[in-house]
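Summary of the model geometry
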Protein chains: 2
Amino acid sequence: MEQTVNCNTTADDTEALVREQLKIIKKGALEIIQEDELAAKLRRSLTTKKPLTIKLGLDPSAPDIHLGHTVVLRKVRQMQQFGHRAVIIIGDFTGKIGDPTGRSKTRKQLTEEQVRENAATYMEQIFKVLDREKTQVLFNSEWLAKLDFEAVIHLAASTTVARLLEREDFSKRYRNNEPIGLHEFFYPLMQAYDSVQINADIELGGTDQTFNILMGRTLQKSVGQESQIAIFMPLLEGLDGVEKMSKSLGNYIGVDEAPEIMFKKAMEVPDNLILRYFNLVTDLHPDEIAQLSERLSAGENPRQIKLLLAEHITALYHGEAEAAKAKDYFLSVFTAGELPKDMPHVTGTGEETTLLDLIPHLTSGGFISSGSEFRRLVKQGGVSVNGERVNQLDTPLTTMETVLKIGKKTFVCFDLPKQNDR
Amino acid sequence: MEQTVNCNTTADDTEALVREQLKIIKKGALEIIQEDELAAKLRRSLTTKKPLTIKLGLDPSAPDIHLGHTVVLRKVRQMQQFGHRAVIIIGDFTGKIGDPTGRSKTRKQLTEEQVRENAATYMEQIFKVLDREKTQVLFNSEWLAKLDFEAVIHLAASTTVARLLEREDFSKRYRNNEPIGLHEFFYPLMQAYDSVQINADIELGGTDQTFNILMGRTLQKSVGQESQIAIFMPLLEGLDGVEKMSKSLGNYIGVDEAPEIMFKKAMEVPDNLILRYFNLVTDLHPDEIAQLSERLSAGENPRQIKLLLAEHITALYHGEAEAAKAKDYFLSVFTAGELPKDMPHVTGTGEETTLLDLIPHLTSGGFISSGSEFRRLVKQGGVSVNGERVNQLDTPLTTMETVLKIGKKTFVCFDLPKQNDR
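Residues numbered from 1 in each chain as written. Chains lettered and ligands numbered in written order. Predicted model: local features only at pLDDT ≥ 70, side-chain atom pairs only at ≥ 80, totals over all residues. Heavy atoms only, no water.

With respect to the overall build of chain A
A tally of regular secondary structure across chain A gives 17 helices and 11 strands. Here the C-alpha coordinates of chain A stretch approximately 80 × 60 × 40 Å along the principal axes. Here chain A displays about 19,800 Å² of accessible surface, and carbon together with sulfur accounts for 48% of that area. Between the centroid of the 51 positive side chains of chain A and the centroid of its 60 negative side chains there is a distance of 2 Å. (Helix = DSSP H or I, 4+ residues; strand = E, 2+ residues; numbered from the N terminus. Areas by Shrake-Rupley, 256 points an atom, 1.4 Å probe, with all protein chains shown as cover. Lys, Arg positive; Asp, Glu negative; His and termini not counted. Charge placed at Lys NZ, Arg CZ, Asp CG, Glu CD.)

Looking at the pattern of salt bridges
Residue and element names in this part refer to chain A. Scanning all chains against the criterion turns up 42 salt bridges over all chains. Note that Glu237 and Arg276 form a salt bridge whose closest N and O atoms lie 2.7 Å from each other. Of this pair, Glu237 sits in the loop between strand E6 (229-233) and helix H12 (259-266) while Arg276 sits in helix H13 (residues 274-281), and the two are 39 residues apart along the sequence. On the basis of relative accessible area, Glu237 is assigned to the buried category, the value being 18%. (Salt bridge = Lys/Arg side-chain N within 4 Å of Asp/Glu carboxyl O. Buried < 20%, exposed > 50% of the residue type's maximum accessible area, 1.4 Å probe, protein only.)

Focus: the sheet that holds strand E1 (residues 31-33) of chain B
Residue and element names in this part refer to chain B. The mixed open sheet is built from 6 strands, whose spatial order is E1-E6-E5-E2-E3-E4. Sheet topology places E1 and strand E4 (135-139) at the edges, where each strand pairs with a single neighbour. The sheet shows a mean angle of 25° between the axes of neighbouring strands, direction not considered. As paired strands, strand E2 (residues 53-58) and strand E3 (residues 85-90) are joined by 6 bridges and run parallel to one another. When the sheet's bridge partners are listed, Gly57 is paired in E3 with Ile89. (Pairing = 2+ DSSP bridges. Axes fitted to C-alpha atoms, helices over the stretch in contact; angles between N-to-C directions.)

Notes on the interface of chain A and chain B
Many analyses report the size of an interface as the accessible area lost when the parts associate. Between chain A and chain B, the residue contacts involve 33 residues of the former and 33 residues of the latter. For the pair chain A and chain B, the summed buried surface comes to about 2,900 Å²; carbon and sulfur atoms form 80% of the total. Our enumeration of links across chain A and chain B arrives at 0 salt bridges. In this structure, the connection of chain A to chain B is made through 6 residue pairs in polar contact (both at pLDDT 80 or more). If you list the elements that add at least two residues to the side of chain A that touches chain B, you get helix H4 (92-97), helix H7 (149-156), helix H8 (161-165) and helix H10 (186-198) of chain A. Counting residues per element, the side of chain A that touches chain B draws most heavily on H7 of chain A, which supplies 7 residues. Broken down by class, the residue content of the side of chain A that touches chain B amounts to 24 nonpolar, 6 polar and 3 charged. (Contact = heavy atoms within 4.5 Å. Buried area = accessible area lost by both parts, 1.4 Å probe. Polar contact = N/O pair within 3.5 Å; in protein donor to acceptor, adjacent residues only side chain to side chain. Nonpolar A, V, L, I, M, F, W, Y, C, P; charged D, E, K, R; others polar.)

Points about the relation of the copies chain A and chain B
When chain A is fitted to chain B, the best match, at an RMSD of 0.4 Å, comes from turning it 179° and sliding it 0.0 Å along the axis. The superposition operator between the copies reduces to a two-fold rotation axis. Of the C-alpha atoms belonging to chain A, the one lying closest to the rotation axis is found on Asp148 of chain A, 1.9 Å away. Take the interface residues of chain A: 100% of them recur as interface residues in chain B, which is what a same-surface contact looks like. (Least-squares fit on C-alpha atoms with pLDDT ≥ 70 in both.)

Focus on the packing of aromatic side chains
Under the defined criterion, the tally for this structure stands at 10 aromatic pairs over all chains. Ring geometry for Phe149 of chain A and Phe186 of chain B: centres 5.9 Å apart, planes at 80°, overall edge-to-face. One end of the pair, Phe149 of chain A, is in helix H7; the other, Phe186 of chain B, is in helix H10 (residues 186-198), on a second chain. The exposure class assigned to Phe186 of chain B is buried, which follows from its relative accessible area of 0%. (Phe/Tyr/Trp six-rings, centres within 6.5 Å; stacked < 30°, edge-to-face > 60°.)

Some points on a negative patch on the surface
A contiguous patch of negative charge on the surface is contributed by Asp148 and Glu150 of chain A together with Asp148 and Glu150 of chain B. In this structure, Asp148 of chain B sits in the loop between helix H6 (141-144) and helix H7 (149-156). (Patch = residues over 30% accessible without salt bridge, like charges linked within 9 Å, V, L, I, M, F, W, Y side chains within 5 Å.)

Concerning the packing of helix H1 (residues 11-26) of chain B against helix H2 (residues 35-48) of chain B
Angle between the axes and distance between the axes are the two parameters that describe a pair of packed helices. Residue and element names in this part refer to chain B. Closest axis-to-axis distance for the H1/H2 pair is 9 Å, and the angle between their directions is 130°. For the element pair H1 / H2, the angle class is oblique. The handedness of the crossing between H1 and H2 is right-handed. Across the interface between the two elements, Thr14, Glu15, Leu17, Val18, Gln21, Leu22, Ile25 and Lys26 of H1 pack against Glu35, Leu38, Ala39, Leu42, Arg43 and Leu46 of H2. (Parallel < 35°, antiparallel > 145°, perpendicular 65-115°, else oblique. Left-handed = near helix turned anticlockwise from the far one by under 90°.)

Considering the confidence of the model for chain A
Confidence in the prediction of chain A, expressed as mean pLDDT, is 88, and 90% of residues score 70 or more. Among the prediction metrics, the complex's ipTM stands at 0.74, with pTM recorded as 0.74. (pLDDT = per-residue confidence, 0-100.)

A closer look at the sheet that holds strand E7 (residues 345-347) of chain A
All names here are of chain A. Pairing is mixed across the open sheet formed by 5 strands, whose spatial order is E7-E11-E10-E8-E9. The strands lining the two open edges of the sheet, one partner per strand, are E7 and strand E9 (388-390). Taking each pair of neighbouring strands and ignoring which way they run, the sheet shows an average axis angle of 30°. Pairing of strand E10 (residues 401-406) with strand E11 (residues 410-415) involves 6 bridges; the strand directions are antiparallel. Of the residues in E11, the one forming a bridge with Thr402 is Phe414.

And the structure:
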């Protein structure tokens, strides 16, 4: 996969390689500042055989990763496949300082230990996407904690109050007379300083990072470095197709989820987001995505393309074999029958181990009128679990997502939290 | 002069002492924030026999001191006479940093040596006013240079962007879209930190320091210290009665000037500023100043009161004896004759040693038509120097201020720069 030039490479070959890298990098990206500078860096990297340094800053305060987080990670991975080197910067300095005013609830002070622990959990998940061999992980307290007042003054002098007040959240708070602590002005500067410290060629981030990443460009220039390229990736919509993917909204696919769950959830992606998901959370080549797009335009059933998406996503985290199994399972369970589109979802407590344990949920949800009715239905063969008829109340629940069919028309989908024995 | 309480002091006596100190401190002050807090501090100091710490921050970038600078110094001195302790803080940290953007011409970076040299020159003059025994001189780089990024962040968190933008010069520049470097926001915070460092009870300053001194109060409170009292002294008008006293405007009395110059210049204070000068640049008791005010109101010639002012000022810097001599000299030279009020002033080059050397100035100024005319006049006894008739062209010029009378009506006052032999 890695591309370099050798003695026999012509200028034309180099340009073709630059174009190919650009094509992959631009896939799904919202904006690149500046594309011509990026092309120049890629060209130089090919000629000198010196990989580019890609910076990705991570906040280890919420260490559970879902597909939304992988949008930037996957872009880094794609660049690693061209031989470039990733530097993950854990913002532990900010985490250690917390919010000295104690006003902010979102930025609470973490102990060094907590920061390291979070980071370790985080890293384990990150390396499901990134190439460990081409990734360096640094903690920014390593250099930021050492800056003295004079150095901080020099850092502060690189920007102006007006420039900082242009950042959207600052300008809004200032207009609304909501206090902005002076220390908050330093968070963008710290991030910019990180770019200088590692002499970053490229920084990736979501659009919420625009201001901070461009600050890095400015600071690098002011100290005589070449400005980093900013690559902004969009925020991924969740399975509801509307809100940003997030754990708290429940519209997410976690990278740690079991193959069959991952596959099933991917099949819930709204049709209009199929191509977007291909672009943002898979490594499929843009040319192949273009072909899929044509198939959709030609009127092919989106479900066929979505099955490819689900298999692709599952394969990225569980391998081809597990993905194929998950697909078979999905088809047998969710397609053989006549599953309705809008099944009610019920979230379990994690204590449910057999069918019997679901009765309280079914009665409280009004799906059955009583426990004895349910017992009778089971004995009569009127209940199936994940497409299989059951006739025992102690039938064990083996999957995290369990679809119950009661009688002829009632379908309930149970989300059962992980347990050791499941 | 020092007042303390002892075993026999009653509460009434203490209150009388507090009132007396307050009266002196308030003399000439523009504003005290807060007076009741100041009274409480003075009371506690009297009871515990623990002197108060008076902070005075000085910028050693312009080391020549004139009476305008002594307004705050004299206030400190008056408090020292009650036993309180002054801490002079030389802002060398700021001086060493300079303006990292290089945009500001007024704040240029000084070497450590330059800062120390300036400070030494400055101190020599300061101790013409302050009590050396009760004065401690500190350089703020001692503690500011040691702050690390985390400490700076904590310092920054003590205030808000909106609060800083309230400072008049900042708000004006922000409104006019003139850049404010983020580092500039730290100068008030540094000054505030100095107050915390020395646990200041009182900080003195001109009204241009209002924002910075009040910032000290806030920061002290936020770290659990008692807030310092802010004493704001007015800016002294120069001898022109309009502009602020300043070296560059030439409307100043330098503390280093010779007794007769000092006396003569003090006699140029406009009548309407006589009492203001008594209040701001002498140590005369407020009750005595009140008596002088009554004499003026009663119609006494202001010149008499001004003679007292000139003698007072001269005595402060040269002692009583020299002041008396300067007064005699002034009266003999400038009062015996019929000196006009608005004599033309001519500034010499410093090369003039005898009457002969004045001829070029006299012809170029149009006071005489030719050198030969002047020679004739001298021989005829028509020229006098400082009130004494001369008949030799090689009459030496012995005073820095030399009044020439030519014929019956022409008066010229020469300001002759210092020379070793004069």
